[in-house]
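# Commentary on secondary and tertiary structure
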Amino acid sequence: MAQQDDVFKKIVSHAKEYGFVFQSSEIYDGLSAVYDYGQNGVELKNNIKRYWWEAMTLLHENIVGIDSAIFMHPTIWKASGHVDAFNDPLIDNRDSKKRYRADVLIEEQIAKYDEKINKEVAKARKRFGDSFDEAMFLQTNGRVAEIAAKRNALHERFAEAMNANNLDELRQIIVDEEIVCPISGTRNWTEVRQFNLMFKTEMGSTADGAMTVYLRPETAQGIFVNYLNVQKTGRMRLPFGIAQIGKAFRNEIVARQFIFRMREFEQMEMQFFVQPGREMEYFAYWKEQRLRWHKALGLGDEKYRYHDHEKLAHYANAATDIEFQMPFGFKEVEGIHSRTNFDLSQHEKFSGKKIQYFDPERNESYTPYVIETSIGVDRMFLSVLCSSYEEQKLEGGDTRVVLHLPETLAPVKCAVMPLVKKDGLPEKAREIVNDLKFDFSTHYDEKDSIGKRYRRQDAIGTPFCITVDHQTLEDGTVTLRERDSMQQQRVAIADLHRLIHDRVSLNSLLRKLG
Ligand code: GAP
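Per chain, residue numbering runs from 1 following the sequence as it is written. For this predicted model, a pLDDT threshold of at least 70 governs which residues receive local features, and a threshold of 80 or more governs which side-chain atom pairs are given and counted, while totals over whole chains, interfaces and linings are taken from all residues. Heavy atoms from the whole structure form the basis of all side-chain values; hydrogens and water molecules are not counted.

### Looking at the site of the ligand
- Only heavy atoms are used to decide nearness, and a residue is near a molecule or strand if one of them lies within 4 Å of it. Around the ligand, 21 residues are found, and the nearest of them are Glu-218, Glu-252, Glu-269, Glu-332 and Val-333.
- Polar contacts, as used here, are pairs of N or O atoms within 3.5 Å; protein pairs need one atom able to donate a hydrogen and one able to accept it. Residues neighboring in sequence count only if both atoms are side-chain atoms. Here Phe-260 contributes a backbone N or O atom positioned 3.4 Å from a nitrogen atom of the ligand.
- The Shrake-Rupley method, run with a 1.4 Å probe sphere, supplies the accessible areas, and residue values consider only the shown protein chains as cover. Alone, the ligand offers 550 Å² of accessible surface; in the complex the protein occludes 93% of this.
- Counting residues per element, the ones that place at least two in the shell around the ligand are strand S10 (264-274), strand S13 (329-340) and strand S16 (369-376).
- Tallying contributions element by element places S13 first for the shell around the ligand, with six residues.
- When residues are sorted by character, Ala, Val, Leu, Ile, Met, Phe, Trp, Tyr, Cys and Pro go into the nonpolar class, Asp, Glu, Lys and Arg into the charged class, and all the rest, Gly among them, into the polar class. Of the residues in the shell around the ligand, the class split is six nonpolar, five polar and 10 charged. Helix and strand assignments come from DSSP, with helices taken as H or I runs of at least 4 residues and strands as E runs of at least 2, each series counted from the N terminus.

Pasting the structure below:
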């Protein structure tokens, strides 16, 4: 675990050193849980968004996009349930004055039991070697059974308290489990209170009577309130989807793990409107589709798993997370939710406008049901970054830090380098840049030794380096170096475009999805 923490720290500092992610307002000592994307980060982020957007809107003829405003009428958040129910249970430690999410403290306690079981398994595996049967061990070992019983009882009690919104019981669990504050080490806890996560601001001058508006905590509501507009103007027939990418804001109590939990972040959401009664069929469909989208990037199939929700959000009748193996464990990157007709019905009720679909096949009007896919851009960015980072030992004792980014997502696709800064090589290299730059993000680099230049490109994940040498001037060939294998081949300048395109184009990635 400590080793994984170290790796994560290295990734965070690498992200800063190479222009991917900076702390917001850093020269003023930063703003907690808010981050800025640098020159390479913004390119990687845009490429992730483009991959998602095109997978949604190009590959599905019944999905269209919108871009709705961040400010919306405040009644929308009343209708959606966010004013009343978008809360986290918080608890303070009186000695350290630190605030925690009560549910997170308990989840961490459950994870401690899991860790204990894993340790017992690891010890037994070492002892029994090849003959070790894990399933049998878990069933028959007395100590493990005891820990598992405690863990399961806690889990059950916790789920019940959360489902019933029982704040006293949450506090009691913390007391009974003897959970201590990691800062003060004491158990001097306050009551548990609900804390609404929406940011508020005011619109209009006070003389006019300013209106309280919220910074949206999800982009989805912008889709729901435009459902009729899009359905009518686009002459859309069910089933159809509306996709949107945009900023969302949550006043998270526990904001940590870098860009994993932020107060300002970006979501890519798609609401798929279906006939009532067919929602489970489409829920299964989108679960499978979304996992395929992730896996097509080649980060490693074993790094993903589904996690079905036990406690459902106020709007859902089924929900699954796609979790990714981060250095700090499997964590949610995307949610797939069956939201029933809750949101549209609520907006119908609160706005007084009829929000119905006339189904020509059924010859009746009804409120569509909705399957939602909702992924955080920043979490996706973090999963790509973490799984790409490698400190590699090279032959001869040298090391290099390389980002094995999926080639399509890399901020820079190729770097062109003259071997020396003379003899007409820089001019030839510039000529190649001027040809490639229309199709690929291309860097020109002539500073330092060629080895140092390769390392710089490896560190930002550039898949190809093109070196122009004296032979280039004679026969029109260059060396093409691949980031991962570091192998170099001599290729004709005329072939560069095709060779690079075949590997980095979004098109070939999208084709994997069919
Ligand atoms: N519209 C449904 C919705 O917003 P959610 O599970 O609360 O569902 C969806 O959020 C996704 O948004 C999450 O899977 C995560 O990737 C991202 N997300 C949520 N809160 C976040 C935060 N504070 N920082 C970064 N990403 C966040």
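### Looking at the packing of helix H2 (residues 39-57) against helix H18 (residues 506-513)
- Taken N-terminus to C-terminus, the directions of H2 and H18 make an angle of 45°; their axes are 11 Å apart at the nearest point. Compared by their axis directions, H2 and H18 come out oblique. For the pair H2 and H18, the crossing hand works out as right-handed. Every residue of H18 that contacts H2 at Arg-50, Tyr-51, Glu-54 and Ala-55 is listed here: Leu-506, Leu-509, Leu-510 and Leu-513.
- The residue makeup of the contact of H2 with H18, split by class, is six nonpolar, no polar and two charged. Whenever a helix is involved, its axis is fitted only over the stretch in contact; in every case the axis is a line through C-alpha atoms, and angles between N-to-C directions fall within 0 to 180 degrees. Any angle between 65 and 115 degrees counts as roughly perpendicular, while under 35 counts as roughly parallel, over 145 as roughly antiparallel, and the rest as oblique. Here a crossing is called left-handed whenever its near helix is offset anticlockwise from the far helix by less than a right angle, and right-handed whenever the offset is clockwise. For this analysis, residues touch if any pair of their heavy atoms sits within 4.5 Å.

### Side note on unusual backbone geometry
- Note that the residue after Leu-238, namely Pro-239, is joined by a cis bond; omega there is -5°.
- Here Pro-239 shows up in the loop between helix H10 (227-233) and strand S9 (240-249).
- Positive phi is not limited to glycine here, since Lys-97 has a value of about 60°.
- Mapped onto the fold, Lys-97 is located in the loop between strand S4 (87-92) and strand S5 (99-101).
- Even without being a glycine, Phe-258 presents a positive backbone phi close to 60°.
- On the secondary structure map, Phe-258 appears in the loop between S9 and S10.
- On the basis of relative accessibility, which here comes to 9%, the residue Phe-258 falls in the buried class. Any residue under 20% of the maximum accessible area for its type is buried, any over 50% is exposed, and the rest in between are partly exposed; the area is computed with a 1.4 Å probe on protein chains only.

### Remarks on the pairing of S10
- Where burial is concerned, most of S10 is hidden: 10 out of the 11 residues are buried.
- Following DSSP output, two strands are said to pair if at least two bridges run between them. Where S9 and S10 come together, 10 bridges link them in antiparallel fashion. Note on S10: the bridge partner recorded for Ala-243 is Met-270.
- Relative to S16, S10 runs antiparallel, the two being bridged by eight bridges. Bridging from a neighbouring strand, Met-270 pairs with Thr-373 of S16.

### So, the side chain of Gln-392
- Of note, Gln-392 is situated in strand S17 (residues 389-393).
- Judged by its relative accessible area of 16%, Gln-392 falls in the buried class.
- A distance of 3.2 Å separates a polar atom in the side chain of Gln-392 from a polar atom in the side chain of Glu-390.
- Within polar-contact distance, the side chain of Gln-392 engages the side chain of Arg-400 at 2.7 Å.
- For Gln-392, the residues in contact, after removing those within four places along its chain, are Asp-398, Thr-399, Arg-400, Val-402, His-404 and Met-486.

### Details of helix H11 (residues 279-295)
- Between the first and last residue of a helix there are one fewer steps than residues, each counted as 1.5 Å, and that sum is the expected span. Compared with an ideal rise of 1.5 Å per residue, which puts 17 residues at 24 Å, H11 spans 24 Å between its outermost C-alpha atoms and is within 8% of the ideal.
- The complete set of buried residues in H11 reads Glu-279, Tyr-282, Phe-283, Trp-286, Lys-287, Gln-289, Arg-290, Leu-291, Trp-293 and His-294.

### Describing the pairing of strand S22 (residues 477-482)
- With five of six residues buried, S22 is to be regarded as a mostly interior element.
- The pairing of strand S21 (residues 464-468) with S22 spans four bridges and is antiparallel. Following the sheet pairing, Ile-466 is matched in S22 by Leu-480.
- As paired strands, S22 and strand S23 (residues 488-492) are joined by five bridges and run antiparallel to one another. Note that in S23 the partner of Leu-480 across the bridge is Gln-489.
- Following S22, the chain reverses through five residues before pairing antiparallel with S23; Met-486 in that reversal takes a positive phi of roughly 60°.

### Points about the sheet that holds S4
- Taking strand neighbours across the sheet as the criterion, the three strands line up as S5-S4-S6 in an open arrangement whose pairing is antiparallel. Each of the sheet's edge strands pairs with one partner strand only, and the pair in question is S5 and strand S6 (193-196). Sheet twist, expressed as the average angle between the axes of neighbouring strands with direction ignored, equals 45°.
- Bridge count for S4 against S5 is three bridges, and the pairing is antiparallel. Bridging from a neighbouring strand, Asp-92 pairs with Arg-99 of S5.
- Set on the sheet, helix H5 (residues 102-128) makes contact with S4 and S5; between it and S5 the angle comes to about 65°.
- Along the sheet face, helix H8 (residues 167-176) touches S4 and S6 and points at about 45° away from the line of S4.

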